[in-house]
Amino acid sequence: MNSIIRNTLRSSAIRNLLSSVSNTGIVNNQLRTLWRVSSRQTEVTAFASTKTLKHQHVLCNCSCCRRAHTKAEKELVEFLAEEIVAEKKAEKLKTIPTALDGFKVSLNGAQVNLQKEQDNEIIKISFNINHTVDSESEPELDMTSDSPDIGEMKSKPTFTIDIVKGNQTLGFSCSFNNEPGASGANDNYNDIFGIDEITLYEGDQTENVYAVAGEIIDGYLYDLLMNYLEEKGISNEFAEKLIDLSTNYEHTAYVSLLEGLSKFTSGK
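Please read all numbers here as calculations on a predicted model, not as lab measurements.

K.L.:
Talk me through the pairing of strand E6 (residues 121-128); I want residue IDs and the actual numbers.
P.N.:
What you see with E6 is a clean split: Glu121, Ile123, Ile125 and Phe127 sit on the buried side and Ile122, Lys124, Ser126 and Asn128 on the side with no burial. Relative to E6, strand E5 (residues 111-118) runs antiparallel, the two sharing eight bridges. Opposite asparagine 113, over in E6, you have serine 126 as the bridge partner. With antiparallel pairing between neighbouring strands as the criterion, E5 and E6 make up a hairpin whose turn holds two residues, including aspartate 119 at a positive phi of roughly 50°. Examined bridge by bridge, E6 and strand E9 (residues 159-165) share six bridges and lie antiparallel to one another. Bridge assignment links isoleucine 123 to a residue of E9, and that residue is isoleucine 163.

In structure tokens form, the structure reads like this:
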């Protein structure tokens, strides 16, 4: 493909993404696409001619199978092969750590659980990586640039913290702050996460258990609870590591999804 067509397609892709920007910003799947366009040098395979809706069957020449693919299947497999290579090059960690600051890390699909025992307590942290990827900052896009800077993609999931003593559990629902002072935090602190909800119960948690929002409790009580979590090892520094863990694992899961989609489409 000559450079004129390639540049035209690249500019068109960026303009299409920009046209869908709402008041709340670019949606996550478009951010990932735009980040990929701006970060990798290998352009996505595109079509110079108009694509028809007729499903044309093409005899596949790939070594993985010997069957007839539709035109759409063949094009999808070719694109995925290139995308998988690019995504693997962008991976920061090849393996996900099994421990983090004394917490044992266990993975189950999209679910991540961390657990440690200290001072006759069990501390559990849980989160899900689905739909958690966003840009670190609001992108500033220059339409005249071939490589717009949209910031680094990060996975910032909401997470729960359960501190178990005997049959009682003190539970916190937390989220990462977009700005200092969010989620009830004192404006004088630069907490990167905040407490959204607090609950205390015996046995298993049910819908009958009372919970209070972090933003409506007394400000001094909120600060004391944040200090309490910090003493348990859940500090700003730990929260940064939690973001890195979630980001790396989400990216690994995304690559696995692409590989699975390629195998499914190619009939391997």
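The structure having been displayed, the exposition proceeds.
K.L.:
I'd like to hear about the pattern of salt bridges, residue by residue, with values.
P.N.:
As enumerated under the stated definition, the model contains nine salt bridges in all. The partner of aspartate 244 in a salt bridge is lysine 154, with the nearest N and O atoms 3.4 Å apart. Of the two residues, aspartate 244 is situated in helix H5 (residues 236-266) and lysine 154 in strand E8 (residues 153-155); the sequence distance between them amounts to 90 residues. By relative accessible area, aspartate 244 is classed as partly exposed at 35%. Between glutamate 237 and lysine 241 there is a salt bridge, with the nearest N and O atoms lying 4.0 Å from each other. Residue glutamate 237 and its partner lysine 241 are both found in helix H5; the two are separated by four residues, about one turn of the helix. A residue is classified by how much of its surface remains accessible, and glutamate 237, at 56% relative accessible area, is exposed. Salt bridges linked by common partners bring Asp101, Glu237 and Lys241 together as one network.

K.L.:
Give me the packing of helix H3 (residues 71-90) against H5: which residues, what numbers.
P.N.:
Axis separation between H3 and H5 bottoms out at 9 Å; the angle between their running directions is 155°. For the element pair H3 / H5, the angle class is roughly antiparallel. Read as a crossing pair, H3 and H5 show a hand that is left-handed. Across the interface between the two elements, Glu73, Leu76, Val77, Leu80, Glu83, Ile84, Glu87, Lys88 and Ala90 from H3 touch His251, Tyr254, Val255, Leu258, Glu259, Leu261, Ser262, Thr265 and Ser266 from H5. Taken together, the residues of the contact of H3 with H5 break down into nine nonpolar, four polar and five charged.

K.L.:
Pulling in residues and values, what's your account of H5?
P.N.:
A rise of 1.5 Å per residue sets the reference length of H5, with its 31 residues, at 45 Å; its end C-alpha atoms lie 45 Å apart and thus fit the reference within 8%. With its phi angle positive at about 85°, glycine 267 sits one or two positions after the end of H5.

K.L.:
Lay out the environment of alanine 253 with the relevant residues and their values.
P.N.:
Counting through the fold element by element, alanine 253 comes out in helix H5. The exposure class assigned to alanine 253 is partly exposed, which follows from its relative accessible area of 31%. Taking the C-alpha atoms as reference, alanine 253 lies 8.2 Å from glycine 109; in sequence the two are 144 residues apart.

K.L.:
For the nonpolar core, give the residues involved together with the corresponding values.
P.N.:
Judged by nonpolar contacts, the single largest core of 33 residues is most densely connected at Leu114, Ile161 and Phe172. For this core, the elements supplying multiple residues, two or more each, are strand E4 (103-108), E5, E6, E9, strand E10 (168-176), strand E11 (193-202), helix H4 (219-231) and H5. Take this core: its biggest share by element is six residues, from H5. Non-local contacts of phenylalanine 172, meaning those with residues more than four positions away in its chain, are made with Phe159, Thr160, Ile161, Ile163, Ile195, Glu197, Ile198, Leu225, Tyr228 and Leu229.

K.L.:
Could you give an account of the sheet that holds E5, naming the residues involved and the relevant values?
P.N.:
Read from one edge to the other, the open sheet built from eight strands follows the order E3-E4-E5-E6-E9-E10-E11-E12, with strand pairing classed as antiparallel. Two strands in the sheet have a free side with no partner beyond their single neighbour: strand E3 (99-100) and strand E12 (211-213). When E10 meets E11, the two strands line up antiparallel, connected through nine bridges. Within the sheet, the bridge partner assigned to phenylalanine 172 lies in E11 and is isoleucine 198. In this fold H4 packs onto E5, E6, E9, E10 and E11, with an angle of close to 85° to the strand it touches most, E11.

K.L.:
Any chance you could break down a nonpolar patch on the surface for me, citing the residues and the numbers?
P.N.:
On the surface, Leu76, Leu261 and Phe264 cluster together into a nonpolar patch covering about 300 Å² of accessible area. Secondary-structure assignment places phenylalanine 264 in helix H5.

K.L.:
Describe the packing of aromatic side chains, and please don't skip the residues or the numbers.
P.N.:
Enumeration according to the criterion identifies three aromatic pairs in this entry. Where phenylalanine 159 meets phenylalanine 176, the ring centres are 5.3 Å apart and the plane angle is 45°; that geometry is what we call tilted. Placement of the pair is phenylalanine 159 in strand E9 and phenylalanine 176 in strand E10, with a sequence separation of 17 residues. Taken individually, phenylalanine 159 and phenylalanine 176 each receive the classification buried, so the pair is uniform in this respect. Measuring from centroid to centroid gives 5.8 Å for phenylalanine 159 and phenylalanine 193, while their planes differ by 55°, and the two rings are tilted. With phenylalanine 159 in strand E9 and phenylalanine 193 in strand E11, the pair connects residues that are 34 residues apart, well separated along the chain. Phenylalanine 193 matches phenylalanine 159 in its accessibility class, with the two residues each being buried. Among the aromatic residues, those joined into a ring-pair cluster are Phe159, Phe176 and Phe193.

What counts as what
Residues numbered from 1 in each chain as written. Predicted model: local features only at pLDDT ≥ 70, side-chain atom pairs only at ≥ 80, totals over all residues. Heavy atoms only, no water. Buried < 20%, exposed > 50% of the residue type's maximum accessible area, 1.4 Å probe, protein only. Helix = DSSP H or I, 4+ residues; strand = E, 2+ residues; numbered from the N terminus. Pairing = 2+ DSSP bridges. Salt bridge = Lys/Arg side-chain N within 4 Å of Asp/Glu carboxyl O. Axes fitted to C-alpha atoms, helices over the stretch in contact; angles between N-to-C directions. Parallel < 35°, antiparallel > 145°, perpendicular 65-115°, else oblique. Left-handed = near helix turned anticlockwise from the far one by under 90°. Contact = heavy atoms within 4.5 Å. Nonpolar A, V, L, I, M, F, W, Y, C, P; charged D, E, K, R; others polar. Expected span 1.5 Å × (residues − 1). Core = buried A, V, L, I, M, F, W, Y, C linked by side-chain atoms within 4.5 Å. Patch = residues over 30% accessible without salt bridge, like charges linked within 9 Å, V, L, I, M, F, W, Y side chains within 5 Å. Areas by Shrake-Rupley, 256 points an atom, 1.4 Å probe, with all protein chains shown as cover. Phe/Tyr/Trp six-rings, centres within 6.5 Å; stacked < 30°, edge-to-face > 60°.

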